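# A structural walkthrough
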Amino acid sequence: MGGGGCLRRRLCLGGTRTLPFVRRYTAREIEAATKGFTAVLEAGGPRGTATAYRARFAGGLVATVRRAAAGSREGDSSSSSSSKAAFYLELQLLARLNHRHVVRLRGFAEGHHARFLVFDHMENRSLKECLHDPLRTPLDWRTRLQVAIDIAAALEYLYYFCDPPVFHVSVNSGNVLMDSNFVAKLSDVGVISHDLKLATTESFQDQVEQRRAALVFQYGVLVLELVTGQSPGGEGELVRWVQEPGFAGSMHRMVDADLGGVYDARELRDLVIVARLCTRHGGGGEGDGGGGAVISIPQIVRYLQGKVERLGGEARC
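Residues numbered from 1 in each chain as written. Predicted model: local features only at pLDDT ≥ 70, side-chain atom pairs only at ≥ 80, totals over all residues. Heavy atoms only, no water.

In the nomenclature of an unreviewed UniProt entry, the chain corresponds to Protein kinase domain-containing protein from the organism Urochloa decumbens.

The structure is reproduced here in structure tokens:
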């Protein structure tokens, strides 16, 4: 698990433009690295109008460049100033994220008409592509299990170790990226509030608890996708299946056929049980999870890590 640390430590949220953990690029450097914005990775990315490009900088760094969400660029100077201040505040917060399973922000650039964020490049693109692209080599069982553990650890870091918890991310296979070694990392992390004083209020903490509950539900759906190789869809078929009383009897028939029957039965059971607990909510749809969660992200991390360590010990014996 990656390093945590209190976000309040060393945060300077005034008018400073010093960002010690990231590099400032020029708009010309961004244009050159992306071959004139022709090396497109995503057309219409997860941040609305954002588009992602593959970039190779002069020093050899290969990265992913994303257009930052559009803000005020013209017109009212006070609005433009406010937008710029919010951009730098978000940069300061994102730059301090330090976890092995969260995509790292490497730099930024600001031009007359656009702002850009520079992230570590994930060579194997999204988990969604790894699971559903018929031209890709299927992920083996051990990799899928590790993805489940690693993403839970990243969520624990963002929602429990970062103080105050001002970050948010949607958990789905499109937002889980895979590096050259198929190590999973969460992407598209956003900042809910730039006001750290507001983030300590009771009402904000209530919102955090609601987001944590929705997050657990989303994580459960992701686990089901890892196990079955099926897209969740909008009707919630996978969730309905895992909540059925006799789900255990059909568990092995639901396993992704791309695995070729090569998986650990006990680990499968453990993952499906986690998914069942995560998606056990009253009311609500697949996107929000409805009521309160019956299991927390830290409990999921401890449970899965404990199971894997126990099985690994038995295998060594």
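Next, the rest of the story.
### Things to note about the packing of helix H4 (residues 141-161) against helix H8 (residues 265-278)
Two elements in contact, H4 and H8, have axes separated by 12 Å at closest approach and are oriented at 30°. In terms of axis orientation, H4 runs roughly parallel to H8. Considering only the axes of H4 and H8, their crossing is left-handed. For the pair H4 and H8, contact is made by Trp-141, Arg-142, Leu-145 and Ala-148 and by Glu-267, Leu-268 and Leu-271, respectively. Its residues placed into classes, the contact of H4 with H8 shows five nonpolar, no polar and two charged. (Axes fitted to C-alpha atoms, helices over the stretch in contact; angles between N-to-C directions. Helix = DSSP H or I, 4+ residues; strand = E, 2+ residues; numbered from the N terminus. Parallel < 35°, antiparallel > 145°, perpendicular 65-115°, else oblique. Left-handed = near helix turned anticlockwise from the far one by under 90°. Contact = heavy atoms within 4.5 Å. Nonpolar A, V, L, I, M, F, W, Y, C, P; charged D, E, K, R; others polar.)

### What about the sheet that holds strand S2 (residues 40-42)?
Pairing is mixed in the open sheet, where six strands are placed in the order S1-S5-S6-S4-S3-S2. Strands with a single pairing partner mark the edges of an open sheet, and in this sheet they are strand S1 (23-25) and S2. Each neighbouring strand pair of the sheet contributes to a mean axis angle of 30°, computed without reference to strand direction. Strand direction decides the pairing type here: strand S3 (residues 52-56) and strand S4 (residues 62-67), joined by five bridges, are antiparallel. Bridge pairing in S4 places Arg-54 opposite Thr-64. (Pairing = 2+ DSSP bridges.)

### Quick word on the packing of H4 against helix H5 (residues 202-228)
Helix-helix packing: each pair is described by the crossing angle between the helix axes and the interaxial distance. H5 packs onto H4 with a crossing angle of 170° between their chain directions and a minimal axis gap of 10 Å. Judged on the interaxial angle alone, H5 and H4 are roughly antiparallel. When H4 is examined against H5, the residues Trp-141, Arg-144, Val-147, Ala-148, Ile-149, Ile-151, Ala-152, Leu-155, Tyr-159 and Tyr-160 are found in contact with a partner set consisting of Arg-211, Arg-212, Leu-215, Tyr-219, Leu-222, Val-223, Leu-226 and Val-227. Here the residues of the contact of H4 with H5 are counted per class, giving 15 nonpolar, no polar and three charged.

### Notes on H5
Spanning 27 residues, H5 covers 40 Å between terminal C-alpha atoms, matching the ideal 39 Å at 1.5 Å per step. The element H5 is extensively covered by neighbouring structure, given that 20 of its 27 residues are classed as buried. Gly-229 sits one or two residues past H5 and shows a positive phi near 75°. (Expected span 1.5 Å × (residues − 1). Buried < 20%, exposed > 50% of the residue type's maximum accessible area, 1.4 Å probe, protein only.)

### Comments concerning the packing of aromatic side chains
Summed over the entire model, instances satisfying the criterion amount to eight aromatic pairs. Between Phe-87 and Tyr-88, the aromatic rings sit 5.7 Å apart at their centres with planes inclined by 75°, giving edge-to-face as the arrangement. The interplanar angle of 55° and the centroid separation of 6.0 Å between the aromatic rings of Trp-141 and Tyr-263 together place this pair among those described as tilted. Of this pair, Trp-141 sits in helix H4 while Tyr-263 sits in the loop between helix H7 (251-254) and H8, and the two are 122 residues apart along the sequence. Residue Trp-141 is classed as buried on the basis of its relative accessible area of 5%. Ring pairing ties together the aromatic residues Phe-37, Tyr-53 and Phe-116, which thus form one cluster. Sitting over the face of the ring of Phe-87, Arg-115 holds its NZ or CZ atom 5.0 Å from the ring centroid. (Phe/Tyr/Trp six-rings, centres within 6.5 Å; stacked < 30°, edge-to-face > 60°. Lys NZ or Arg CZ within 6 Å of the ring centre and 35° of its normal.)

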